[in-house]
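Secondary and tertiary structure notes
Chain by chain, the residues:
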Amino acid sequence: MYLLGEQPAYADQLINRLQRIPSQLLEGLAPAGEPIRIERSDDLTRVLPGNQLYLIENGLLHALVEERPLFYLQEGDLLGLRQGLDLPSCRYANEEPLSLIPYPRSEVFRHIYADEQRQELFIQYLVGHTALLSDALARLKQPEIRPATGFQHFAAGEELIRQGDEADHVFIIIDGHAEAYVDGQKVGDVQKDEIFGAMAVFTREKRSATVVASEPCTVMVIPKEQFLCLMQSNPRIAHSLVESMARRIDLLNKEVTQLRLAAQSNG
């Protein structure tokens, strides 16, 4: 995928990274049949069955939102995942020949759910595309205003989230590094590509930790409602994500307990 208009470097880097994910998700899975060749179409969804996903083998696919071109899909992109995304309807059209490799939709999801690494990649892919498109849509509608969601930048020492605050967004660091603190004590690191802030969104509780940029960070920011909509349409992925976060929180709780016991014995 690439977005129309001038893109900042971090968006280009993210798009390039996302571009490599579909082939990793589909590795080891047989296509549903021979590649489908479409010479020209004004609305591809009318031509293709909805029970399949399609890997673009070659060609360009124009995506129009509110009849305005917003982005292209290209070789290596996955078509048909938009169900469940809380985004405006999109019309796909191709002016030149397009070749698509079909995969059974249900088989693709079974294949992804069977492997924890594929699940992590799939979450990154869904959330990454959602953030990119939200950012692009905001610029399309109000080009003079930078959106509060999509992407944000933090200088070293700035707080990304604060313990005790309301949980309105979910975050992924796409460049940089941050550290997590509970009651002023460091309890862990937040690595590049790691989703954070999601557990409080799921549980509707206050933020349990403060996250501070340890170096300049570029962060994907996904609104709570959009993230929950994405997870509701992919319940198995949501379950996997909650399990992963619960394991991390359990480790953090043990770390906090040890720090408090050490502080008491020193006191």
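Here, every reference points to the structure presented above.
Residues numbered from 1 in each chain as written. Predicted model: local features only at pLDDT ≥ 70, side-chain atom pairs only at ≥ 80, totals over all residues. Heavy atoms only, no water.

1. With respect to the overall build of the protein chain
- For the protein chain, the count of helices and strands is seven helices and 16 strands.
- Taking all 267 residues of the protein chain together, the buried fraction comes to 50%.
- Counting every atom, the protein chain has about 13500 Å² of accessible surface; 48% of that belongs to carbon and sulfur. (Helix = DSSP H or I, 4+ residues; strand = E, 2+ residues; numbered from the N terminus. Buried < 20%, exposed > 50% of the residue type's maximum accessible area, 1.4 Å probe, protein only. Areas by Shrake-Rupley, 256 points an atom, 1.4 Å probe, with all protein chains shown as cover.)

2. Quick look at the nonpolar core
- Of all hydrophobic cores here, the largest spans 41 residues; its most connected members are Val127, Met220 and Phe227.
- Take this core: its biggest share by element is eight residues, from helix 4 (residues 116-141). (Core = buried A, V, L, I, M, F, W, Y, C linked by side-chain atoms within 4.5 Å.)

3. Thoughts on the sheet that holds strand 10 (residues 159-161)
- Here we have four strands laid out as an open sheet, ordered 10-15-12-13, and antiparallel in their pairing. The open sheet has two edge strands, strand 10 and strand 13 (185-190), and neither has a second partner. The average undirected angle you get between the axes of adjacent strands in this sheet is 35°.
- Note: strand 12 (residues 178-182) against strand 15 (residues 210-213), four bridges, orientation antiparallel. Bridge pairing in strand 15 links Tyr181 to Thr210. (Pairing = 2+ DSSP bridges. Axes fitted to C-alpha atoms, helices over the stretch in contact; angles between N-to-C directions.)

4. Describing the environment of Glu75
- Here Glu75 is to be found in the loop between strand 5 (68-73) and strand 6 (78-79).
- What makes Glu75 exposed here is its relative accessible area of 53%.
- Along the primary structure Glu75 and Gln19 are separated by 56 residues, whereas in three dimensions their C-alpha atoms are 8.7 Å apart.
- Glu75 has contacts with Gln19, Ile56, Glu57, Asn58 and Gly59, leaving out every residue within four places of it along the chain. (Contact = heavy atoms within 4.5 Å.)

5. Section: the environment of Gln152
- Tracing the backbone shows Gln152 in strand 9 (residues 150-154).
- Overall, Gln152 belongs to the partly exposed group, its relative accessible area being 26%.
- Separated by 65 residues in the primary sequence, Gln152 and Cys217 have C-alpha atoms spaced 8.2 Å apart.
- When sequence neighbours within four positions are dropped, the list of residues in contact with Gln152 reads Cys217, Thr218, Val219 and Val221.

6. Points about the pairing of strand 8 (residues 98-104)
- Counting buried residues in strand 8 gives six out of seven residues, a clear majority hidden from the surface.
- Where strand 2 (residues 36-38) and strand 8 come together, three bridges link them in antiparallel fashion. The residue of strand 8 that forms the bridge with Ile38 is Leu98.

7. What to know about the environment of Ile174
- For Ile174, the position within the fold is in strand 11 (residues 169-175).
- As for Ile174 and Glu194, which are separated by 20 residues in sequence, their C-alpha atoms are 8.5 Å apart.

No statement about biological role is implied by the geometric values presented.
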